[in-house]
Every structure is written in C-alpha cells, then in structure tokens.
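Each chain, letter by letter, is given below.
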Amino acid sequence: PSVPSIGAVRLDGAIRVDGHLDEPAWERAAPSTQFTQRDPQEGAAVSESTEVRVLIGDEALYVGARLYDREPGKIRARLVRRDEDLDSDFFVVFLDAYHDRVNAVLFRVNPLGCLNDAVVDVSGNQDTSWDPVWRVSCSIDSLGWIAEIEIPLSQLHYSRGGDGVWGVQFRRWINRKQELAEFSFVPKTQQYSVARYGHLTGLTDLP
C-alpha cells in the first residue's frame, strides 16, 4: 500500500498556542483528512472527520488538529495528571524524527489539554518516564474540538541533513464510540511498528 504523506509549511511569524487555529499560517497549510478506522470496524471510513495541519518554524514544530464531532456535547474529557490514563477522547502525534523506522516519540492530548508523552520502541512499547517540554491548548466548540500543539525542536533528536522527511503517525480516539482511527492505517493481521508510519515532509534546513 502507498505511504500517506503530509507536508509541513514553513512558518513566517508567530503562533499563539491558544486552541484556535486562526493564524493565517494555518490557512496556508493543506490539511490531511486521511484517517481509517482500526476499531471497531477495521478498515472502514471514520464516523467523524479529522483535519490535521503541520507548520515548521525556526524553533518548533506545530500541529493543529480540528476534530469534528456532530455531537460535541457528548465529547468525553477528564482532567488528569500528566501521563495518567486519559479515559477520554484524545489525539496523538507520533514522530520518528530520525526517520530510522526504529524509535519514535509520542504526544497525546485530550480535549481539556491534559497530556501524555512517551518514547516508543520499534515494537510499540512506551516509556512514559520521558517528559519533554512542549505546549498544547485545546478548545471545544459547536463543531467538535481543536488541539493546537507546539513541540520545540530542542526536545527532538533529528538529522540536519537528508531529505527533510520524518516518520509520522496520527491517531484519534472517540471514547463513547470506542473508535480508533489512524492516519497511516495498518491492518491487524500485519505487524504494527514505527516502520509503518506515514511521511512528514518539508523539514529541510532545520537548525
């Protein structure tokens, strides 16, 4: 199967991480809407659409996700401490910044801005003792919810050379539907690993 790809748009200016994707830079970034159910109906179209945009600045990577929900009053969100079970709707960004298809890191957030982060090994095991510095702000509105994420480049390990491509995976969980959707879909009959991530392009000339 073809590998899905999303391009990061170069940021000219500043982003205010406030849970609203209202800066002009977000409009310039083409959204990825390619998500496929893993649960409960493997391989089916998603029940709620998701749009993800990526920006790259001199000091940080920004991910903006618009998570549509036709019943926003039923979005589940809980306040929990860092790295505790969110037990709610959530959105996850996985990054294989070295693009070695072996190791990755994840950034998970729920609609109230509670967060998890972890290092991921090739088999998908997660080490939550990793606590990088990053920022996120979320909002719930009549269309669903929004996650606006800032990941400083200083918190990531990547190669300054190469083709400017990282591995990336996005996941969305809708708690009340027990629905898990993925950007880079991997059938359950196949081994799930960092090697099955999609491509994040446009990351040349990083500091």
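Residues numbered from 1 in each chain as written. Predicted model: local features only at pLDDT ≥ 70, side-chain atom pairs only at ≥ 80, totals over all residues. Heavy atoms only, no water.

**Q** It is not clear to me how the pattern of salt bridges should be interpreted in this structure. Could you clarify?
**A** Oppositely charged side chains can pair when the atoms bearing their charge come close. Under the definition given, this model contains 14 salt bridges. R53 is paired through a salt bridge with E51; the nearest N and O atoms lie 3.3 Å apart. Both residues of the pair, R53 and E51, belong to the buried class. For D131, the salt bridge is made with R82, and the minimal N-O distance between the two is 3.5 Å. One end of the pair, D131, is in the loop between β9 (126-127) and β10 (135-141); the other, R82, is in the loop between β5 (60-68) and β6 (90-96), and 49 residues separate them in sequence. Each of D69, E71, K74 and R176 takes part in salt bridges that share partners, so that together they form one network. (Salt bridge = Lys/Arg side-chain N within 4 Å of Asp/Glu carboxyl O. Buried < 20%, exposed > 50% of the residue type's maximum accessible area, 1.4 Å probe, protein only. Helix = DSSP H or I, 4+ residues; strand = E, 2+ residues; numbered from the N terminus.)

**Q** Whenever I open this one, the sheet that holds β10 confuses me. Can you help?
**A** Whenever strands of a sheet pair, they do so through backbone hydrogen bonds, lying parallel or antiparallel. If you walk across this open sheet you meet the five strands as β2-β4-β5-β11-β10, and the pairing is mixed. Among the strands making up the open sheet, the edge pair consists of β2 (9-10) and β10. Two elements, β2 and strand β4 (residues 50-56), share two bridges in a ladder whose sense is parallel. Among the inter-strand pairings, R10 is bridged to a residue of β4, identified as I56. (Pairing = 2+ DSSP bridges.)

**Q** Is there a simple way to think about a nonpolar patch on the surface in this case?
**A** Residues L79, L112 and I140 make up a contiguous nonpolar surface patch of roughly 310 Å² in combined accessible area. Mapped onto the elements, L79 comes out in the loop between β5 and β6. On the basis of relative accessible area, L79 is assigned to the exposed category, the value being 69%. (Patch = residues over 30% accessible without salt bridge, like charges linked within 9 Å, V, L, I, M, F, W, Y side chains within 5 Å. Areas by Shrake-Rupley, 256 points an atom, 1.4 Å probe, with all protein chains shown as cover.)

**Q** Help me understand the nonpolar core in this model?
**A** Soluble, globular proteins show a tendency: their nonpolar side chains are buried together. Core analysis: the biggest nonpolar cluster contains 37 residues, and F91, L95, I149, L156, W166, F170 and L200 have the highest contact counts within it. Formed by 16 residues, the second largest nonpolar core is a distinct cluster that contains F90, F94, W173 and Y197. (Core = buried A, V, L, I, M, F, W, Y, C linked by side-chain atoms within 4.5 Å.)

**Q** Honestly, the layout of surface pockets in this entry has me stumped. Any pointers?
**A** Rolled over the atoms, a probe sized like a water molecule indicates the empty space that remains. The calculated volume of the largest pocket comes to roughly 270 Å³. As for the largest pocket, its lining consists of 20 residues, of which S2, V3, P4, S184 and R196 are closest to the centre. Counted by class, the lining of the largest pocket contains ten nonpolar, eight polar and two charged residues. Put simply, the second largest pocket is a space of about 210 Å³. Contributing to the lining of the second largest pocket are 13 residues, with Y98, N103, A104, V105 and H157 lying nearest its centre. When contributions to the lining of the second largest pocket are tallied by element, the ones reaching two or more residues are β6 and β7 (104-109). Tallied by class, residues from the lining of the second largest pocket come to eight nonpolar, three polar and two charged. (1 Å grid on protein atoms, 1.4 Å probe; cavity = no way out; pocket = protein on both sides within 12 Å on 5 of 7 lines; lining within 4 Å. Points joined across faces, edges and corners; volume = space filled by probe spheres on them. Nonpolar A, V, L, I, M, F, W, Y, C, P; charged D, E, K, R; others polar.)

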